[in-house]
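Coordinate inspection notes
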Amino acid sequence: MKMFFNFNQYKRTSAIAHLYGVSLAATMIAKKRGLDPELASMAAMLHDLHAYKTGSYDDHTHKGAELARRILGKLELTDETETDMICSAIYHHDDKLVTDDPMDEVLKDADVIHHCMSDVSKDIKEKEQERYYKLCQEFGM
Ligand SMILES: [Fe+2]
Ligand SMILES: [Fe+2]
């Protein structure tokens with residue numbers, strides 16, 4: 001796939017697993033909180049694409065939101081409000097220490113859940129631990 005051309009096979013597999021894992025977690029969290037699970041899933045599937053496309057995480061949230069807007073524009077599956085919601089979630093998904101809009105929070109939490117429970121390729125950051133602890137309380141885990 002062209003989007004992953006900067007990645008070796010291990011990184012590709014890990015990237016795809018992350019997107020699917022975050023997507024599943026986002027779907028469940030959105031449903032639990034009364035938000036649209038489909039939009040949450042779409043945001044999750046797109047959230048790190050800029051990093052995968054370029055091979056760099058520098059400003060990948062803001063650039064990723066722009067990339068997602070271009071992709072969503074071509075797909076024509078979402079209206080303007082839905083596109084804005086997805087792009088906002090991607091834009092804010094690294095701001096783990098602040099609280100943003102409810103859908104933004106779904107993506108942040110889903111990212112943290114996958115990272116803490118399944119993705120051992122990176123160290124868990126302190127700001128993720130705090131969110132993960134709160135999620136465990138919310139979901140009775
Ligand atoms: Fe990210
Ligand atoms: Fe991520």
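From a predicted model like this one, the values you see are computed outputs, not experimental measurements. (Residues numbered from 1 in each chain as written. Chains lettered and ligands numbered in written order. Predicted model: local features only at pLDDT ≥ 70, side-chain atom pairs only at ≥ 80, totals over all residues. Heavy atoms only, no water.)

**Observations regarding the packing of aromatic side chains**
The final tally for this structure, using the stated rule, is zero aromatic pairs. Its guanidinium or amino end placed over the ring of Phe 139, Lys 32 lies 5.2 Å from that ring's centre, counting from NZ or CZ. (Phe/Tyr/Trp six-rings, centres within 6.5 Å; stacked < 30°, edge-to-face > 60°. Lys NZ or Arg CZ within 6 Å of the ring centre and 35° of its normal.)

**Some thoughts on the coordination of the iron ion (ligand 2)**
Protein ligation of the iron ion (ligand 2) involves His 18 (NE2), His 47 (NE2), Asp 48 (OD) and Asp 111 (OD), the donor distances falling in the range 2.2 to 2.4 Å. Geometry at the iron ion (ligand 2) is irregular, judged from the four donor atoms that bind it and their angles of 82 to 175° at the metal. In terms of primary sequence, the donors binding the iron ion (ligand 2) are separated according to H-x28-H-D-x62-D. A gap of 3.7 Å separates the iron ion (ligand 2) and the iron ion (ligand 1), which Asp 48 links by coordinating each metal. One end of the pair, Asp 48, is in the loop between helix 2 (37-46) and helix 3 (49-54); the other, Asp 111, is in helix 6 (residues 102-117), with 63 residues separating them in the sequence. (Donors = N, O, S within 2.8 Å, 3.2 Å for Na, K, Ca; no water. Tetrahedral: all angles 85-135°; square planar, octahedral: opposite > 155°, others 65-115°. Helix = DSSP H or I, 4+ residues; strand = E, 2+ residues; numbered from the N terminus.)

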